[in-house]
Amino acid sequence: MKPARFDYHRARDVQGALRLLADLGEDAKIIAGGQSLVAMMNFRLARPAHLVDVGALDALRYVRRDDEGLHIGALTTHLEVESGGLDADFAVLSEAMRWVGHYPIRTRGTVGGSIAHADATAEWCLLAVLLDAVIVVESVRGRRSIDAGSFFFGFYSTELAFDEMIVEIVFPNPAPHAAITEFAERQGDFAIVAAAVSLDLRGAEVVGGRVALGGVGATPVRSPEAERVLAAGGTFDDCAETAADALELEDDGAYTADYRRTLVRTLVARACKDALVSQGVSS
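Summarised in this report is the structure supplied together with it. Owing to the predicted nature of the structure, the values given are computational and were not obtained by experimental measurement.

Cut-offs and rules
- Starting from 1, residues in each chain are numbered consecutively following that chain's sequence as written.
- Local features in this predicted model are restricted to residues whose pLDDT is 70 or higher, and side-chain atom pairs enter the listing and the counts only when it is 80 or higher, whereas totals over whole chains, interfaces and linings include all residues.
- Only hydrogens and water are set aside when side-chain values are computed; all heavy atoms of the structure are taken into account.
- Only buried residues count toward a nonpolar core. Its members are Ala, Val, Leu, Ile, Met, Phe, Trp, Tyr and Cys residues joined through side-chain atoms within 4.5 Å.
- Partly exposed residues are those whose accessible area sits between 20% and 50% of the maximum for their type, while under 20% is buried and over 50% is exposed, using a 1.4 Å probe and protein chains only.
- A run of DSSP states H or I qualifies as a helix once it reaches four residues; a run of E qualifies as a strand once it reaches two. Both are numbered from the N-terminal end.
- Pairs of residues are marked as contacts when any of their non-hydrogen atoms sit within 4.5 Å.
- Here an axis means a line fitted to C-alpha atoms, over the contact stretch when the element is a helix, while the angle between two N-to-C directions is reported on a 0 to 180 degree scale.
- Note on convention: the crossing is left-handed when the near helix lies turned anticlockwise from the far helix by less than a right angle, right-handed when the turn is clockwise.
- All residues other than Ala, Val, Leu, Ile, Met, Phe, Trp, Tyr, Cys, Pro, Asp, Glu, Lys and Arg, Gly among them, are scored as polar; the first ten of these are nonpolar and the last four charged.
- Two rings from Phe, Tyr or Trp (for Trp, the six-membered ring) form a pair when their centres are within 6.5 Å of each other. A pair whose planes differ by under 30 degrees is stacked, one over 60 is edge-to-face, and the rest are tilted.
- Both a distance and an angle decide whether a charge sits over a ring: NZ of Lys or CZ of Arg must be within 6 Å of the ring centre and within 35 degrees of the ring normal.
- Any two strands between which DSSP finds at least two bridges are classified as paired.

Topic: the nonpolar core
Residues Leu93, Ile115, Trp124 and Phe171 are the most contacted members of the largest nonpolar core, which totals 41 residues. For this core, the leading source of residues is helix 7 (residues 123-130), giving seven residues. In contact with Trp124, not counting residues within four places along its chain, are Ile72, His78, Val81, Leu93, Met97, Val111, Ser114, Ile115 and Phe171. Val216, Leu249, Leu267 and Ala275 belong to the second-largest nonpolar core, a separate cluster that totals 30 residues.

Here's what the structure looks like:
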């Protein structure tokens with residue numbers, strides 16, 4: 001199929017993009033890599049009257065670290081993160097990129113675009129929730145920072161106002177013992193279920209951690225029940241079992257609740273083990 005008619009606008013700088021969003025109103029959408037939006041437009045699932053192309057705004061393409069954490073510009077591509085040589089504290093971000101679609105998608109798709117699209121199984125959304133990321137957004141009214149835990153509202157719905165654009169994502173806390181894993185029917189497909197874990201260690205002993213799940217609801221979610229098991233010294237299998245049992249799942253027409261619950265058990269246990277050995281710590 002072909003998209004519905006739209007007007008195309010090319011932004012030359014960030015402030016120009018923000019002015020266009022403010023002037024064009026709620027019928028405008030930002031396009032960068034276009035890996036999600038173009039597909040939705042071709043299927044007529046999205047029909048923006050205006051596209052604001054920000055793909056040439058190199059000022060939003062960077063990965064840098066300072067005292068506030070790791071900063072990733074919104075227009076940084078998945079491939080740039082994958083090949084960016086992140087140190088051990090944030091290696092999970094680059095390692096996670098192997099799960100993102102196929103090579104051409106990683107070449108064009110952007111971090112900010114993935115966050116804004118808010119797919120419940122997207123790797124960036126899951127990692128943002130797991131690692132307490134901060135989503136920095138801007139409009140002509142100014143800049144604000146939104147905790148990832150409150151940014152995602154539901155399927156493809158976020159806290160982002162119509163005249164705002166994401167300018168960067170900040171990961172404030174190092175995660176040297178973290179891992180993400182998922183299951184899809186084919187390599188590169190959207191995940192059915194995804195799981196991400198970041199462990200807190202004292203020496204080789206697990207003393208706590210964070211567990212996040214995708215594909216179990218309208219947004220990526222943390223599993224406080226599973227995290228309590230880790231803090232109490234429970235086994236990885238206990239953690240995985242608890243994460244699965246705590247979920248309220250329903251059959252969705254494609255996959256049964258029992259099937260997804262089984263995937264949660266398997267993937268959480270696997271992510272825990274991968275996180276433990278991520279920097280050479282053995283069980």
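Considerations on the packing of helix 10 (residues 236-245) against helix 11 (residues 257-276)
A pair of packed helices is characterised by two quantities: the angle between their axes and the separation of those axes. Where helix 10 contacts helix 11, the two axes come as close as 8 Å, and the packing angle between them is 145°. As for how helix 10 packs across helix 11, the hand of that crossing is right-handed. Across from Phe236, Asp237, Cys239, Ala240, Glu241, Ala243, Ala244 and Asp245 in helix 10, the residues of helix 11 making contact are Arg261, Val264, Arg265, Val268, Ala269, Cys272, Lys273 and Leu276. When grouped by side-chain class, the residues that make up the contact of helix 10 with helix 11 number 10 nonpolar, no polar and six charged.

Observations regarding the packing of aromatic side chains
Within this structure, the stated rule accounts for three aromatic pairs. Residue placement shows Arg64 over the ring face of Tyr62; its charged tip is 4.5 Å from the ring centre.

Observations concerning the environment of Leu79
Relative to the helices and strands, Leu79 resides in helix 3 (residues 78-82). Linking Leu79 and Thr110, residues 31 residues apart in sequence, is a C-alpha distance of 8.8 Å.

Thoughts on the sheet that holds strand 11 (residues 178-183)
Taken in spatial order, the four strands line up as 11-12-13-14 in an open sheet, and their pairing is antiparallel. Every other strand in the sheet has two partners, leaving strand 11 and strand 14 (221-222) as the edge strands with one partner each. Across two bridges, the pairing between strand 13 (residues 205-214) and strand 14 is antiparallel. Residue Ala212 lies in a different strand from strand 14, and its bridge partner there is Arg222.

Shape is all these values report; function is a separate question.
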